[in-house]
Amino acid sequence: SSPSLGSRPSSSPPFPPSASPPPISGPPFSPSVFCCRRASLHAAPTYAALFLFPHLFRRSGTGAVSSCVTLRGMNSHGVVPDVSKVTVVDDPALLEEKAAAIRLAGPAKLQVIADFDATLTKYIVNGRRGDSSHGLLRQENAEYDAKRLALYQYYHPLEFSPSIPIEEKTKLMEEWWGKTHNLLIEGGLTYDSIKESVAASEIAFREGVVELFEFLEERDIPVLIFSAGLADIIEEVLRQKIHRSFKNVRIVSNRMEFNRDGRLISFKGSMFAGKLIHSLNKNEHALDMAGPLHEHLGDSNGLNNLGGSVKDRTNVLLLGDHLGDLRMSDGLDYSTRISVGFLNDNIENNIAGYSKAFDVLYLNDAPMWGVVNLVSQLWPTHN
């Protein structure tokens, strides 16, 4: 979610990247959901999440949780071993209720709103912090790369600090994004540099993202990618890393404007209410400023009218890695929303707030297969 450069080694996904996850029987979100309430990493009462090992999880004949086993034993870095295979749900009954409502309304009433950096993409790539859509950029003038890195080192800890009030943090994010965009213009960024930067970058999609998009496309469920990064770079990442487009996908993000020589001259359509889109203010109020994917990405039929159609879709599946991502559905009068969070780092300090804020929480750079299972259990067959 951050506009500049970003550890732990990533864990192996439960399913191979080339395969879809096996079908899961039983009620929605079970038995892949392994959590409940009132336990902590150190048995402190302030945490509202219970970590469970899948093989220790038991269900009654009705599908209800019949026993819970607390996962303890933090390592020296304060990280629970192999928690990428753990799903955290603070209120399973509420989640089941939301799932039933969304299933009853049908796919025509659902839209998916997803953050890009560290949500659709991996947090760790090849053993190091993966690049963000801002951070992968390498300008021809290395001096400007160094200046953007300095901004990252100052602002990034502030972005995820649990002690800074949201109002103060929002102002800091506006400063960071504005300064970074100015450096990109001053440094003479070119579109050729974007293509070269993406090709050389450490950025990759989570396993299961393509399968999720395919499932949603088959059912005409729109996907709005809300990013505080740059739409032009995200499109280039899609071209180079996925090599295909999806007719139901639209990018809501800051967009660049280039001159005839391919040099960045400004940011167009990136303002609403006088502010840049950053990690704490991206929401459906910004939908009107989003352009469809470039024509050469593939078929963009239906994207131009997406803004009108999503307003009629009053159920939301929201995917994010930041508490501010929960505001992406602001501006939409939704009936039911299931929020899915990815807590990639600093787990011990953030688990309490994240587990309360998100309906479903995945830890430690988990793959997307849990979300694929979630939507496939809503509508397992497609007519």
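What you see is a predicted model; the values in this text were computed from it and never measured.

1. A short note on the overall build of the protein chain
Then step 1. Helix and strand counts for the protein chain come out as nine helices and 14 strands.
Then step 2. Evaluated residue by residue, the protein chain yields a buried proportion of 57% over its 383 residues.
Then step 3. Counting every atom, the protein chain has about 15900 Å² of accessible surface; 51% of that belongs to carbon and sulfur.

2. Details of unusual backbone geometry
Then step 1. At Asn126, a residue that is not glycine, the phi angle is positive and equals roughly 55°.
Then step 2. The exposure class assigned to Asn126 is exposed, which follows from its relative accessible area of 65%.
Then step 3. Unusually for a residue other than glycine, Asn346 sits at a positive phi of about 50°.
Then step 4. Tracing the chain through its elements places Asn346 in the loop between β13 (336–343) and α8 (347–357).
Then step 5. Residue Asn346 is classed as partly exposed on the basis of its relative accessible area of 33%.

3. Thoughts on the packing of helix α5 (residues 209–218) against helix α9 (residues 369–378)
Then step 1. At a minimum axis separation of 8 Å, α5 and α9 run at an interaxial angle of 20°. In terms of axis orientation, α5 runs roughly parallel to α9. The hand of the α5/α9 crossing is left-handed. Of α9, the residues touching α5 (which contributes Glu211, Leu212 and Phe215) are Trp369, Val371, Val372, Val375 and Ser376.
Then step 2. Tallied by class, residues from the contact of α5 with α9 come to six nonpolar, one polar and one charged.

4. With respect to the sheet that holds strand β4 (residues 110–115)
Picture the strands of a sheet paired through backbone hydrogen bonds; they go either parallel or antiparallel.
Then step 1. The eight strands lie next to each other as β3-β14-β13-β12-β4-β7-β8-β9, forming an open sheet whose pairing is mixed. This sheet does not close on itself; its edge strands, each paired only once, are β3 (87–88) and β9 (264–268).
Then step 2. Where strand β7 (residues 223–230) lies against strand β8 (residues 249–258), five bridges are found, and the strand directions are parallel. Bridging across to β8, Leu230 finds its partner in Asn254.
Then step 3. Seen against the sheet, helix α3 (residues 166–186) touches β7, β8 and β9 and runs at an angle of roughly 150° to β9.
Then step 4. α5 rests against β4, β7, β8 and β12 (315–320) of the sheet, and its axis sits at about 135° to β7.

5. What about the environment of Asn182?
Then step 1. Summarising the element assignment, Asn182 is placed in helix α3.
Then step 2. A C-alpha to C-alpha distance of 9.6 Å links Asn182 and Phe267, two positions 85 residues apart in sequence.

6. Quick look at the pattern of salt bridges
Side-chain pairs of opposite charge can arise where the charged atoms are in close proximity.
Then step 1. Inspection of every chain in the model, using the stated rule, returns 13 salt bridges.
Then step 2. A salt bridge links Glu217 to Arg244, with the shortest nitrogen-to-oxygen separation between them at 3.0 Å. With Glu217 in helix α5 and Arg244 in the loop between α6 (231–242) and β8, the pair connects residues that are 27 residues apart, well separated along the chain.
Then step 3. Salt-bridge contacts for Glu218 lead to Arg219; the nearest nitrogen and oxygen are separated by 3.3 Å.

7. Section: the packing of helix α2 (residues 142–159) against α3
Then step 1. Two numbers describe how α2 lies on α3: the axes approach to 10 Å, and their chain directions differ by 170°. With respect to their mutual orientation, α2 and α3 come out roughly antiparallel. Note on element contacts: α3 touches α2 through Lys169, Leu172, Met173, Glu175, Trp176, Trp177, Lys179, Thr180, Leu183, Leu184 and Glu186, opposite Tyr144, Lys147, Arg148, Leu151, Tyr152, Tyr155, His156, Leu158 and Glu159.
Then step 2. Looking at side-chain class alone, the contact of α2 with α3 contains eleven nonpolar, two polar and seven charged residues.

8. Considering α2
Then step 1. If you check α2, its first and last C-alpha atoms are 25 Å apart, about what 18 residues at 1.5 Å a residue would give, namely 26 Å.
Then step 2. Listed as buried for α2 are Tyr144, Asp145, Arg148, Leu151, Tyr152, Tyr155, His156 and Glu159.
Then step 3. The inward-facing, buried residues of α2 abut α3.
Then step 4. Regarding α2, its N-cap is Asn141, as a side-chain oxygen of that residue lies 3.0 Å from the backbone nitrogen of Glu143 further along.

9. What about the side chain of Asn248?
Then step 1. With respect to the helices, strands and loops of the structure, Asn248 is situated in the loop between α6 and β8.
Then step 2. A distance of 2.7 Å separates the side chain of Asn248 from the backbone oxygen of Ile221, its partner in a polar contact.

10. What about the side chain of Gln139?
Then step 1. Structurally, Gln139 is set in the loop between β6 (128–129) and α2.
Then step 2. Assessed through its relative accessible area of 6%, Gln139 is described here as buried.
Then step 3. With residues up to four places along the chain from it excluded, the contact list for Gln139 reads Tyr144, Asp145, Arg148, Leu183, Leu184, Gly187, Gly188 and Leu189.

11. Focus: the packing of aromatic side chains
Then step 1. Under the criterion given, the structure shown has nine aromatic pairs.
Then step 2. The interplanar angle of 80° and the centroid separation of 5.2 Å between the aromatic rings of Phe213 and Phe246 together place this pair among those described as edge-to-face. Residue Phe213 is found in helix α5, and its partner Phe246 is found in the loop between α6 and β8; the two are separated by 33 residues along the sequence.
Then step 3. Residue class for Phe213 comes out buried when judged on its relative accessible area of 2%.
Then step 4. Its relative accessible area of 3% is what places Phe246 among the buried residues.
Then step 5. Members of the aromatic cluster, connected to one another through ring pairs, are Tyr152, Tyr154, Tyr155, Trp176 and Trp177.
Then step 6. In this arrangement the basic side chain of Arg219 is found over the ring face of Phe215, its NZ or CZ atom lying 3.6 Å from the centre.

Scoring rules and cut-offs
- Residues numbered from 1 in each chain as written.
- Predicted model: local features only at pLDDT ≥ 70, side-chain atom pairs only at ≥ 80, totals over all residues.
- Heavy atoms only, no water.
- Helix = DSSP H or I, 4+ residues; strand = E, 2+ residues; numbered from the N terminus.
- Buried < 20%, exposed > 50% of the residue type's maximum accessible area, 1.4 Å probe, protein only.
- Areas by Shrake-Rupley, 256 points an atom, 1.4 Å probe, with all protein chains shown as cover.
- Axes fitted to C-alpha atoms, helices over the stretch in contact; angles between N-to-C directions.
- Parallel < 35°, antiparallel > 145°, perpendicular 65-115°, else oblique.
- Left-handed = near helix turned anticlockwise from the far one by under 90°.
- Contact = heavy atoms within 4.5 Å.
- Nonpolar A, V, L, I, M, F, W, Y, C, P; charged D, E, K, R; others polar.
- Pairing = 2+ DSSP bridges.
- Salt bridge = Lys/Arg side-chain N within 4 Å of Asp/Glu carboxyl O.
- Expected span 1.5 Å × (residues − 1).
- Polar contact = N/O pair within 3.5 Å; in protein donor to acceptor, adjacent residues only side chain to side chain.
- Phe/Tyr/Trp six-rings, centres within 6.5 Å; stacked < 30°, edge-to-face > 60°.
- Lys NZ or Arg CZ within 6 Å of the ring centre and 35° of its normal.

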